[in-house]
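Residues per chain are reported as follows:
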Amino acid sequence: MSNHLLKLSIHATPGAKRTEAAGAYAGALRVRLGAPPVDGKANAALIEWAAKAFGIPKARVELLHGTAGRQKVLSIAFDSSAELAAAQADVARWMAHSQP
């Protein structure tokens, strides 16, 4: 596994119309999830969103904390420091642009 890890604090909002990054919330990235918070569906949607958003396989995204709550922590593995830096820039951009 890679040693280029991004630990990302997430504030999940399940049951949204679509899955998307939605700005910052209490120091975490708010992610709206287009899945209900039942049977792990919201967590699966979050992992799928992260994999697509960062262009990596789902196997490289791990939910470290928060399986049953809105506050979650993802660990996301990248192949290089350049990929990690690009991901950190994406997160900063998403957090800076809150959506209504």
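Here's what I pulled together on the structure shown here. (Residues numbered from 1 in each chain as written. Predicted model: local features only at pLDDT ≥ 70, side-chain atom pairs only at ≥ 80, totals over all residues. Heavy atoms only, no water.)

**Digging into the nonpolar core**
Ranked by internal contacts, the top residues of the largest apolar core, which has 27 residues, are Phe54, Leu74 and Ile76. Each residue touching Leu74, except ones within four places of it in the same chain, is listed here: Leu6, Lys7, Leu8, Ile10, Leu46, Ala50, Val61, Glu62 and Leu63. (Core = buried A, V, L, I, M, F, W, Y, C linked by side-chain atoms within 4.5 Å. Buried < 20%, exposed > 50% of the residue type's maximum accessible area, 1.4 Å probe, protein only. Contact = heavy atoms within 4.5 Å.)

**As for helix H2 (residues 81–96)**
End to end, H2 covers 22 Å across 16 residues, agreeing with the expected 22 Å (1.5 Å per residue, within 8%). For H2, the set of buried residues is Leu84, Ala87, Asp90, Val91 and Trp94. End-on view of H2: buried residues confined to an arc of 120 degrees, all on one side of the axis. Exposed and oriented more than 90 degrees from the buried face of H2 are Ala82 and Ala96. (Helix = DSSP H or I, 4+ residues; strand = E, 2+ residues; numbered from the N terminus. Expected span 1.5 Å × (residues − 1). Arc of directions from axis to C-beta.)

**Brief notes about the packing of helix H1 (residues 41–54) against H2**
Look at H1 against H2: their axes get within 11 Å of each other, and the N-to-C directions meet at 115 degrees. Comparing their axes, H2 and H1 come out roughly perpendicular. For the pair H1 and H2, contact is made by Trp49, Ala53 and Phe54 and by Ala87, Asp90, Val91 and Trp94, respectively. Here the residues of the contact of H1 with H2 are counted per class, giving six nonpolar, no polar and one charged. (Axes fitted to C-alpha atoms, helices over the stretch in contact; angles between N-to-C directions. Parallel < 35°, antiparallel > 145°, perpendicular 65-115°, else oblique. Nonpolar A, V, L, I, M, F, W, Y, C, P; charged D, E, K, R; others polar.)

**Some points on the pairing of strand E3 (residues 28–33)**
The two faces of a sheet get side chains in turn, since along a regular strand they alternate between them. Burial within E3 is extensive, with five of its six residues counted as buried. Judged from the four bridges that link them, strand E2 (residues 20–25) and E3 form a sheet pairing that is antiparallel. Residue pairing in the sheet places Glu20 in a bridge with Arg32 of E3. Between E2 and E3, which pair antiparallel in sequence order, lie two residues; one of them, Ala26, sits at a positive phi of approximately 50 degrees. (Pairing = 2+ DSSP bridges.)

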